[in-house]
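Listed below, chain by chain, are the residues.
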Amino acid sequence: MKSAGDKRMSLAEAAHLVHDGDTVVGGGCCYSRTPWAMMLELLRAERRGLTLCRNLMCYESELFLASEAASKLVSSWVGIGLRWGIPKVFREYVERDPSIYEEWSHLSFGMRLMAGSMGMPFLPTASLLGSDLLDRTPAQHIRCPFTDQLLVAVPALVPDVALIHVQTADAIGNAQIEGPAYMDVECARAANTVIVTAEEIVPSEAIVRTADRTVIPGFVVDAVVEVPFGSYPHECHGRYEADFEHFDGYTEMVVRDGVAGVQAYLEETVHGPGSFAAFLDTVGASRLLERRRLARELVAA
Amino acid sequence: MKSAGDKRMSLAEAAHLVHDGDTVVGGGCCYSRTPWAMMLELLRAERRGLTLCRNLMCYESELFLASEAASKLVSSWVGIGLRWGIPKVFREYVERDPSIYEEWSHLSFGMRLMAGSMGMPFLPTASLLGSDLLDRTPAQHIRCPFTDQLLVAVPALVPDVALIHVQTADAIGNAQIEGPAYMDVECARAANTVIVTAEEIVPSEAIVRTADRTVIPGFVVDAVVEVPFGSYPHECHGRYEADFEHFDGYTEMVVRDGVAGVQAYLEETVHGPGSFAAFLDTVGASRLLERRRLARELVAA
Amino acid sequence: MTEATPVELMTIAGSRLLRDGGVVFAGVGAPLEASVLAKRLHAPSLTIVLEGGSIGPRMLPGRLPVSTNEMRAAHDAYMLTSINDLFLYGQRGHYDYGFIGAGQLDQYGNVNTSYIGDPDQPKVRLPGSGGANDIVSSCREVMIMTRHEPRRFVERVDFITSPGYLSGPDSRQKAGLVRNRPVAVVTDMALLGFDEETGRLRLDALQPGVTEEQVHANTGFELLVSDAIGELAPPTDQELAELRWLRDGITSDIPRTREVTSAP
Amino acid sequence: MTEATPVELMTIAGSRLLRDGGVVFAGVGAPLEASVLAKRLHAPSLTIVLEGGSIGPRMLPGRLPVSTNEMRAAHDAYMLTSINDLFLYGQRGHYDYGFIGAGQLDQYGNVNTSYIGDPDQPKVRLPGSGGANDIVSSCREVMIMTRHEPRRFVERVDFITSPGYLSGPDSRQKAGLVRNRPVAVVTDMALLGFDEETGRLRLDALQPGVTEEQVHANTGFELLVSDAIGELAPPTDQELAELRWLRDGITSDIPRTREVTSAP
């Protein structure tokens, strides 16, 4: 039985819920609504030997590999976006040892989390059929007991911890998402421990008034952390656009210096500032506010 | 490929999309957000030999049986509510011939629709295990290919037609639901033909402004009918409460007169008035508006 | 304060079984009333979940729901979701308690809400499982609440809609029901538990003023008996007043405890 | 109007394949641009769906998405849902077209976006399937768009991330891929179809000014050839102006067609 009371805490406190060797799933998708602040906090806390899972991964993939926080990645796609291509250090790690990367299709990865979220050990899908992905994963052929149709069974993914960033949550963990829900709901339902970071913590009364917008119930949540701009430099739907210039700068460092570039980036954004709030200070208010303005142009209020 | 254009039509026109012998699933749950107007329209059009499916059924069960519109019912529960018990004529029909009623648990029924909505011929569940329901349905034992866990496989339910009543939709069928979604989304996704009735048809611009509230996309929808009070005498979340006095009156007729009571009710509410709008006129504006007031007390705007 | 009715006795005894902070999946009627009562009195952080997709609702006194799917059951909820989602949280193991009623039940806690008589030539058609089968297959601790009448407490149910221990713990295990178990039956006459070795019902405590003999006389099978039969405390005036206020919406003289919300 | 670039030629040819009223699941980049272009020109009721959960978005010119999951990809959508839901509509059979890019593809239309070289000792790690494998496994008509280069058009892909005809129609059938099929590959040099008997790629039409020999020289396998090779019409000024405006957000002299919405 999880607590039904106030679960507010700091990022540093929430990091204690993640242990070395855990399987951790991140919400959002690529550079959208990424639980970036919480991910950086795990790097700051120097967790080791994690298996990091995410439906589409951005460059957190190589931050976790190069810092040795993760020893394995599970995903369906790793890239930063058209303009920046595939993260270079991630590529080097996998080309050196492909066994550190477990590859699924987007839906088959999603069905693994959905199975976990349903309390089922497997789910059937028509994806992966005929592909070489099937041979390199634990997925298996299965036949429908009624129609004999050939399908693929994927095993449930039940992460130790899910990291989820949302726009609003209350203190007991009831959470609401604006824009696409990605796989966040499945992550939160499948995982044994759930850490929710939110742009804003709102009174429960506000949640009750819009109860049909609540997508994660408090009873699955273990920690709630208020982190404004908690996805930055990634985007948060309706709140701020991604900082593409930040991506440019990062990519430049890593293309030039490889692993050392990743280390330098971690020094600049994680270890140097010492906290996510201090990192945002290094970015500066006007740059953050410009991201808000750009988001408003795309999403009508 | 379904039409991507304007799908607005009348209830009578929409009834042409349902054919004798079809398997029809109704949205909502018991006496909540029932597609009542559309159901009555099928009775008015004298469809025959339907298999009517609904997760929990109210007294539409016996309206369809007694009028010979349905020759079979599929559900997990049939009743009107605590105060009125089990519909008497339904009981008589099933006690005479139990084969006209296929009984599931609520979740196993839901998993059948979910399988259909996922394009999968089956789904696994932990419900029905050990029960006598298992022996009287096509459900089968299945073992997880990964864990060997004993589970139940339920076959997909892919209805010919889904009848869905929502609060708002646009002319091309993008639909939004307020309050609990019940199984409406699964119904709409699983069925081959989808008829949406809506309290209000709104401009697509209004749907776009609240796109993360859209739960049924236009491309699965075949017909959109604007029917204010389209669930009455059942309730529609946030719009009007159920008319319990109407239920009292109905129950009295049926307890007293059995099948003849059902016929009399159909004459009063379906065949006599000749249209749903005319039926609402027999109810009267003030009675309908009182239901709105009662709803506002329960659901804050 | 007028004396408690049998249903009130049962409801209040049921409410006391729910611990604060838990999540209870409650059926409509007495189980729901017991849950709401618990939340208003000793378990303010209890989360109630209802079949129609309602998570954490607070009822409007005098307007308790007639079905668990309607607006009254959604009042002031934290979350309103789909039916499948609501049940799947249970299948995932998130519900501490499942609390249901029973048409007919037997010595192993198997519940019948489908057919009285031979299912192929039934005497009576009952409403069906609804969510009851799913609740007993998934919620960690299953509790059943029903009036104590011989026609309800039968040797062997005519039809197992919602399995209890089937014919004993082994058979439950063998059937694949490995993640949860039935723990209690609350009636207007007694509180019954399950003998863990045989999976059979056992008399644990009596409602105030009820004798062991009365219980046996109203039970259609051989009921095991606890080594030390307890007696349930009588309803307090506060419990009774609160329950009646919930049901009728009419205030009594007894001051009511205000609901404590766990959220800021 | 400056001449069309190879990518523009390819994108415009791709856009013409999409019929009005259909639903297209488009990958980011050229497939998405082709879809948006089609919707703005000849297919106003085309519904575009994107991996991140976006249904029916309309792009803001000059701010095309860099990934299909971001706010730009959600602009003015009818529906924003979850990723699983978005893909499951495809698995249910609701998508008429799947339109993807390809890192490497072979004569059977099998696509590799995973590994160049031996997957156990890879030369190059590519980004992976993302949704491509799911798209080719579910969308009714699968179309692939890629630059026409020998390194991309290989005899046999190193790794089948997204199956085409595998080694022919029988093998596709045997693998369980029975509900849909690949229909076209659009490049900057040609439009290729599939021979239904062998499942092999066939040259159907040439981009303006391209010769059959040039196509063969840029194809690393023996490409079947249609009995009557066609020539694709050159991009119109309107197509080019619209495409550039979409990409750059800068208006040209050519009057643009305003998007027709199908809704009232």
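As the structure is a prediction and not an experimental result, all values here were calculated from the model.

(A) Representation of the overall build of chain C within the structure. Within chain C, the secondary structure is distributed over eight helices and 14 strands. Taken over the C-alpha trace, chain C has a radius of gyration of 18 Å; the compact-globule value for 264 residues is 18 Å, and the two agree within 12%. With respect to the principal axes defined by its C-alpha atoms, chain C has extents near 50 × 45 × 35 Å. Every one of the 264 residues in chain C was classed for burial, and the buried ones make up 66%. Of all intrachain contacts in chain C linking residues separated by at least 6 positions in sequence, the fraction that spans at least 24 positions is 64%. Surface exposure of chain C reaches about 8,900 Å², of which carbon and sulfur atoms provide 49%. Charged side chains of chain C number 25 positive and 34 negative; the gap between the two group centres comes to 5 Å.

(B) Up close: empty space enclosed by the protein. Counting across every chain of the model gives seven cavities of 30 Å³ or more. Roughly 1,000 Å³ of volume is contained in the largest cavity. Lining of the largest cavity is provided by 41 residues; of these, Val215 of chain A, Val215 of chain B, Thr81 and Asp85 of chain C together with Asp85 of chain D occupy positions nearest its centre. Residues that form the lining of the largest cavity fall into these classes: 20 nonpolar, eleven polar and ten charged.

(C) Broad picture of the interface of chain A and chain D. Each side of the interface is counted separately: chain A has 58 residues, and chain D has 49 residues. Buried surface at the junction of chain A and chain D, summed over both partners, amounts to about 4,300 Å²; 58% is from carbon and sulfur atoms. For chain A, the biggest contributors to the area lost against chain D are Leu107, Arg136 and Leu298 of chain A; these three give 14% of the whole. Counting across the chain A and chain D interface gives five salt bridges. For Arg136 of chain A, the salt bridge is made with Asp120 of chain D, and the minimal N-O distance between the two is 3.2 Å. Taken together, the connections running from chain A to chain D amount to 33 residue pairs in polar contact (both at pLDDT 80 or more). Contributions of two or more residues to the side of chain A that touches chain D are made by helix H4 (88-96), strand S4 (101-103), helix H5 (106-118) and helix H11 (285-298) of chain A. Sorting elements by how many residues they give to the side of chain A that touches chain D places H5 of chain A first, with six residues. When the residues that make up the side of chain A that touches chain D are grouped by side-chain class, the tally is 33 nonpolar, 15 polar and ten charged.

(D) How the structure looks around the pairing of strand S2 (residues 47-50) of chain D. Residue and element names in this part refer to chain D. Across the two faces of S2 the burial is the same, with Thr47 and Val49 and Ile48 and Leu50 all buried. Regarding topology, helix H2 (residues 30-40) serves as the crossover connection from strand S1 (residues 23-26) to the parallel S2, and that connection is right-handed. Note that S2 and strand S3 (residues 54-55) share two bridges and pair antiparallel. Paired with Leu50 across the strands is Ser54, a residue of S3. The antiparallel hairpin formed by S2 and S3 contains three residues in its connecting segment, where Gly53 sits at a positive phi of about 115 degrees.

(E) Highlighting the sheet that holds strand S10 (residues 141-145) of chain C. Residues and elements named next belong to chain C. Sheet architecture is open: ten strands sit in the order S4-S3-S2-S1-S5-S10-S11-S12-S13-S14, paired in mixed fashion. Each having just a single partner strand, strand S4 (79-80) and strand S14 (224-231) make up the two edges of the open sheet. Pairing analysis gives three bridges linking strand S1 (residues 23-26) to strand S2 (residues 47-50), with the strands arranged parallel. Pairing of Val23 across the sheet is with Thr47, part of S2.

(F) View of the interface of chain C and chain B. Chain C puts 50 residues into the contact, and the matching count from chain B is 58 residues. Note on chain C versus chain B: buried area summed over both sides is about 4,300 Å², and carbon and sulfur give 58% of it. Counting the surface chain C buries against chain B, the share from its top three residues, Met71, Asn84 and Arg125 of chain C, is 18%. Joining chain C to chain B, the criterion identifies five salt bridges. With a closest N to O distance of 2.5 Å, Glu241 of chain B and Arg72 of chain C form a salt bridge. For the pair chain C and chain B, the number of links is 33 residue pairs in polar contact (both at pLDDT 80 or more). Among the elements of the structure, helix H3 (71-74), helix H4 (83-91), strand S9 (121-125) and helix H5 (132-136) of chain C are those that each provide at least two residues to the side of chain C that touches chain B. Grouping the amino acids of the side of chain C that touches chain B by side-chain chemistry returns 21 nonpolar, 19 polar and ten charged.

(G) Main features of the environment of Thr113 of chain D. Residue and element names in this part refer to chain D. Counting through the fold element by element, Thr113 comes out in the loop between strand S7 (111-112) and strand S8 (115-118). Assessed through its relative accessible area of 14%, Thr113 is described here as buried. When the C-alpha positions of Thr113 and Gly103 are compared, they lie 5.2 Å apart, and in sequence the two are ten residues distant. In this structure, Thr113 is in contact with Gly103, Leu126, Pro127, Gly128, Ser129 and Thr161, ignoring residues within four places of it in sequence.

(H) A look at the nonpolar core. Leu63 of chain A together with Leu63 of chain B are the most contacted members of the largest nonpolar core, which has 318 residues in total. If near-sequence neighbours (up to four positions away) are discounted, Leu63 of chain A is found in contact with Trp36, Leu40, Leu43, Tyr250, Val262, Tyr265 and Leu266 of chain A.

(I) Spotlight on the packing of helix H1 (residues 6-15) of chain D against helix H8 (residues 237-248) of chain D. All names here are of chain D. The interhelical angle for the contact between H1 and H8, taken along N-to-C directions, is 105 degrees, at an axis separation of 11 Å. Between H1 and H8, the angle falls in the class roughly perpendicular. Seen from H1, the contacting residues are Glu8, Thr11 and Ile12; seen from H8, they are Glu239, Leu240, Leu243, Arg244 and Arg247. For the contact of H1 with H8, the residue count by class is three nonpolar, one polar and four charged.

(J) Structural context of the packing of aromatic side chains. Per the counting criterion, the structure on display carries 42 aromatic pairs over all chains. Taking the centre distance of 5.2 Å and the plane angle of 75 degrees together, the rings of Trp84 of chain A and Phe247 of chain A count as edge-to-face. In this pair, Trp84 of chain A is assigned in the loop between strand S3 (70-75) and H4 and Phe247 of chain A in helix H8 (residues 244-257), connecting sequence segments 163 residues apart. Phe247 of chain A carries the same exposure label as Trp84 of chain A, and that label is buried. According to the relative accessible area criterion, Phe247 of chain A is buried, its value standing at 0%. An aromatic cluster is built from Tyr31, Trp36, Tyr59, Trp84, Phe244, Phe247, Tyr250 and Tyr265 of chain A, whose rings are joined through pairwise contacts. The cationic tip of Arg96 of chain A hangs over the ring face of Tyr93 of chain A; the distance from NZ or CZ to the ring centre is 5.1 Å. Residue placement shows Arg125 of chain C over the ring face of Tyr115 of chain C; its charged tip is 4.5 Å from the ring centre.

Criteria and cut-off values
- The residue count restarts for each chain, going from 1 along the sequence in the order it is written.
- Following the order in which they are written, the chains are lettered starting with A and the ligands numbered starting with 1.
- Residue-level local features of this predicted model are given only where pLDDT is at least 70; pairs of side-chain atoms are given and counted only at 80 or more, and the full residue set underlies all totals for whole chains, interfaces and linings.
- Hydrogens are left out, water is left out, and the side-chain values use all remaining heavy atoms of the structure.
- A run of H or I in DSSP becomes a helix once it reaches four residues, and a run of E becomes a strand once it reaches two; helices and strands are each numbered from the N terminus.
- This radius of gyration counts C-alpha atoms alone. The globule rule is 2.2 Å times how many residues there are, raised to the power 0.38.
- Buried means the residue's accessible area, taken with a 1.4 Å probe over protein chains only, is under 20% of the maximum for its type, while exposed means over 50%, and partly exposed covers the values in between.
- Between two residues, a contact is recorded if the distance between any of their heavy atoms is within 4.5 Å.
- Surface accessibility follows the Shrake-Rupley procedure with a 1.4 Å probe radius. Residue values consider only the protein chains on display as shielding.
- Charge counting follows a simple rule: Lys and Arg are positive, Asp and Glu are negative, and His as well as the terminal groups are ignored.
- By convention, the charge on Lys lies at NZ, on Arg at CZ, on Asp at CG and on Glu at CD.
- Here a cavity denotes a set of grid points, spaced 1 Å apart and computed over the protein atoms alone, in which a 1.4 Å probe fits but from which it cannot get out, and a pocket denotes an open set meeting protein on both sides within 12 Å along at least five of seven lines; residues with an atom within 4 Å of a point are reported as lining.
- Grid points are joined across faces, edges and corners, and a volume is the space filled by probe spheres set on the points.
- Only Asp, Glu, Lys and Arg are considered charged, only Ala, Val, Leu, Ile, Met, Phe, Trp, Tyr, Cys and Pro nonpolar, and every remaining residue, Gly among them, polar.
- Two parts placed together each lose some accessible area; with a 1.4 Å probe, that loss summed over both constitutes the buried area.
- When a carboxyl oxygen of Asp or Glu is within 4 Å of a side-chain nitrogen of Lys or Arg, the pair counts as a salt bridge.
- In the analysis that follows, any N or O atom pair within 3.5 Å is treated as a polar contact, provided that within protein one partner can donate a hydrogen and the other can accept it, and provided that, for residues neighboring in sequence, both atoms belong to side chains.
- A right-handed crossover is one whose linking path, passing over the helix from the first strand to the second, runs clockwise when the strands point away from the viewer.
- By the convention used here, strands pair only if DSSP detects at least 2 bridges between them.
- Nonpolar cores are built from buried Ala, Val, Leu, Ile, Met, Phe, Trp, Tyr and Cys residues. Side-chain atoms within 4.5 Å join them into one set.
- All axes are obtained by fitting lines to C-alpha atoms, using only the stretch in contact for helices, and the reported angles, taken between N-to-C directions, cover 0 to 180 degrees.
- In this scheme, roughly parallel covers angles under 35 degrees and roughly antiparallel covers those over 145, while 65 to 115 is roughly perpendicular and the rest are oblique.
- Whether two aromatic rings pair depends on their centres lying within 6.5 Å, for rings of Phe, Tyr and Trp, where Trp uses its six-membered ring; planes under 30 degrees apart make the pair stacked, over 60 edge-to-face, and the rest tilted.
- Only Lys NZ and Arg CZ are tested; either one counts as a charge over a ring when it is within 6 Å of the ring centre and within 35 degrees of the ring normal.

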